[in-house]
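Each chain, written out:
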Amino acid sequence: MTEPKLIDPRNLYHTEKFPKQDQDTPALQNEMRPNPDCGEETYEGSNQLENRRVLITGGDSGIGRAAAIAYAREGADIGLHFFPGEEEDAKEVASYIEKAGRKVVLLPYDLREETAPKEMIQKVVAELGGLDTLVLNAGQQISSPSIVDLPIEQVKDTFMVNIIAMFALVKEAVPHIPAGGAIVTTTSVQASNPSEHLLDYAATKAAIANFTIGLAKQLAPKGIRVNGVAPGPIWTPLQLDEGQPEEAIPEFGQKSLLERAGQPAELAPVYVFLASNKASYVTAQIYGVTGGEAINL
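As the structure is a prediction and not an experimental result, all values here were calculated from the model.

What counts, and at which threshold
- Residues numbered from 1 in each chain as written.
- Predicted model: local features only at pLDDT ≥ 70, side-chain atom pairs only at ≥ 80, totals over all residues.
- Heavy atoms only, no water.
- Pairing = 2+ DSSP bridges.
- Helix = DSSP H or I, 4+ residues; strand = E, 2+ residues; numbered from the N terminus.
- Axes fitted to C-alpha atoms, helices over the stretch in contact; angles between N-to-C directions.
- Left-handed = near helix turned anticlockwise from the far one by under 90°.
- Contact = heavy atoms within 4.5 Å.
- Nonpolar A, V, L, I, M, F, W, Y, C, P; charged D, E, K, R; others polar.
- Patch = residues over 30% accessible without salt bridge, like charges linked within 9 Å, V, L, I, M, F, W, Y side chains within 5 Å.
- Areas by Shrake-Rupley, 256 points an atom, 1.4 Å probe, with all protein chains shown as cover.
- Salt bridge = Lys/Arg side-chain N within 4 Å of Asp/Glu carboxyl O.
- Lys, Arg positive; Asp, Glu negative; His and termini not counted.
- Charge placed at Lys NZ, Arg CZ, Asp CG, Glu CD.
- Buried < 20%, exposed > 50% of the residue type's maximum accessible area, 1.4 Å probe, protein only.
- Polar contact = N/O pair within 3.5 Å; in protein donor to acceptor, adjacent residues only side chain to side chain.
- Phe/Tyr/Trp six-rings, centres within 6.5 Å; stacked < 30°, edge-to-face > 60°.
- Lys NZ or Arg CZ within 6 Å of the ring centre and 35° of its normal.

1. Examining the sheet that holds strand E1 (residues 53–56)
Turning to step 1, where the next piece is worked out: Read across the open sheet, the 7 strands follow the order E3-E2-E1-E4-E5-E6-E7; overall the sheet is parallel. The two strands at the open ends of the sheet, each matched to only one other strand, are strand E3 (104–108) and strand E7 (286–289). Pairwise comparison of adjacent strand axes, ignoring direction, gives a mean angle of 15° for this sheet.
Turning to step 2, where the next piece is worked out: Here 3 bridges tie E1 to strand E4 (residues 133–136), and the two strands are oriented parallel to one another.

Set out below in structure tokens:
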């Protein structure tokens, strides 16, 4: 009898301590040690998103990069948003999309700018010929140990990038999204179990979770599904750009039940499923990919 192919999840990817490291803004994936696995060499598509037209925010690295590569290999054309200064990572993702035989539109926009969401949607619709799927993944995360020292400008920027821009993008996109389209947000385990040094970030992630469920109720009559993904500790550039205290990097993620940080590639199948027709009866849900930590909304 042929034995099943089983993989012990505790032994996948990087299981040792991470080297001490940090980066200046913007952090680049190619400068991380070890480099995150976004499925570049492993993700295999099966036409689950054939001819879809997708906008992915924060698509140059980390979770957004993994989603972009997977979506392209599933047959989608991609509008790839990234923060200006991250062109090196974005162009590399674009090469993977083009190798999959799909079209890519590069969108270098700072989501702190109020005009960015409208311009992004207009450009995607014009260059891809429409829009049916949104992956709202861009985020700012800056560690601050004390509220006394937390700059209010940082709080404003975090809310602008993480949730206000999300409102604006959806507002501009919904008139273009047909029945059968999908919106997938990225919230976080921080929404239900906030870390004391991520007050502003965690608050936005709780807002995103609430927004996701409320928006799903509003858009269900239009046949548009809305769901969210709540990652746990995932090895991405966000962690090195002041996202974690520098001394916490070596043991990042090792307190999870699986005793390691997750990799972006481990989230891609969830993003694909939630956008695909296979999730036709799934809306107003938050899917946790946390290494074992509970999410309670």
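What follows picks up the thread again.
2. Regarding the packing of helix H3 (residues 116–128) against helix H4 (residues 152–173)
Turning to step 1, where the next piece is worked out: Where H3 contacts H4, the axes come no closer than 8 Å and their chain directions differ by 40°. In the packing of H3 onto H4, the handedness of the crossing is right-handed. For the pair H3 and H4, the contacting residues are Pro117, Lys118, Met120 and Ile121 in the first and Ala165, Ala168, Leu169, Glu172 and Ala173 in the second.
Turning to step 2, where the next piece is worked out: Taken together, the residues of the contact of H3 with H4 sort by class into 7 nonpolar, no polar and 2 charged.

3. Describing a negative patch on the surface
Turning to step 1, where the next piece is worked out: Taken together, the side chains of Asp22, Asp24, Glu242, Glu246 and Glu247 define an acidic patch exposed on the protein surface.
Turning to step 2, where the next piece is worked out: The topology assignment puts Glu247 in the loop between strand E6 (225–231) and helix H6 (268–275).

4. Thoughts on the side chain of Arg65
Turning to step 1, where the next piece is worked out: Relative to the helices and strands, Arg65 resides in helix H1 (residues 62–73).
Turning to step 2, where the next piece is worked out: On the basis of relative accessibility, which here comes to 1%, the residue Arg65 falls in the buried class.
Turning to step 3, where the next piece is worked out: A polar side-chain atom of Arg65 sits 2.9 Å from a polar atom in the side chain of Glu40.
Turning to step 4, where the next piece is worked out: Residues in contact with Arg65, not counting those within four places in the same chain, are Gln29, Cys38, Glu40, Gly58, Gly59, Asp60, Asp89, Glu92, Val93 and Tyr96.

5. Things to note about the pattern of salt bridges
Close approach of charged atoms allows side chains with opposite charge to pair.
Turning to step 1, where the next piece is worked out: Going through the model one piece at a time under the given rule, you end up with 11 salt bridges.
Turning to step 2, where the next piece is worked out: Across the pair Glu92 and Arg65 runs a salt bridge, and its minimum N-O distance is 2.5 Å. Within this pair, whereas Glu92 is found in helix H2 (residues 87–99), its partner Arg65 is found in helix H1, the two being separated by 27 residues in sequence.
Turning to step 3, where the next piece is worked out: Judged by its relative accessible area of 25%, Glu92 falls in the partly exposed class.
Turning to step 4, where the next piece is worked out: Sharing partners across several salt bridges, the network here consists of Glu40, Arg65 and Glu92.

6. Description of the packing of aromatic side chains
Turning to step 1, where the next piece is worked out: One pass over the full model with this rule turns up 4 aromatic pairs.
Turning to step 2, where the next piece is worked out: Aromatic side chains Phe18 and Trp235 sit 3.8 Å apart centroid to centroid with 10° between the ring planes, which places their arrangement in the stacked category. You can see Phe18 sitting in the segment before E1 and its partner Trp235 sitting in the loop between E6 and H6, a full 217 residues away along the chain.
Turning to step 3, where the next piece is worked out: Looking at Phe18, the relative accessible area reads 4%, which means it is buried.
Turning to step 4, where the next piece is worked out: For Trp235, a relative accessible area of 0% translates into the label buried.
Turning to step 5, where the next piece is worked out: For the pair Phe273 and Tyr287, a centre-to-centre distance of 6.2 Å together with 50° between the ring planes defines the contact as tilted. Remark: Tyr287 occurs in strand E7 and Phe273 occurs in helix H6; sequence separation between them is 14 residues.
Turning to step 6, where the next piece is worked out: Put simply, the rings of Phe18, Trp235 and Phe252 touch in pairs and so form one group of aromatic residues.
Turning to step 7, where the next piece is worked out: Lying over the aromatic face of Tyr96, Lys99 brings its terminal NZ or CZ to 5.7 Å of the ring centre.

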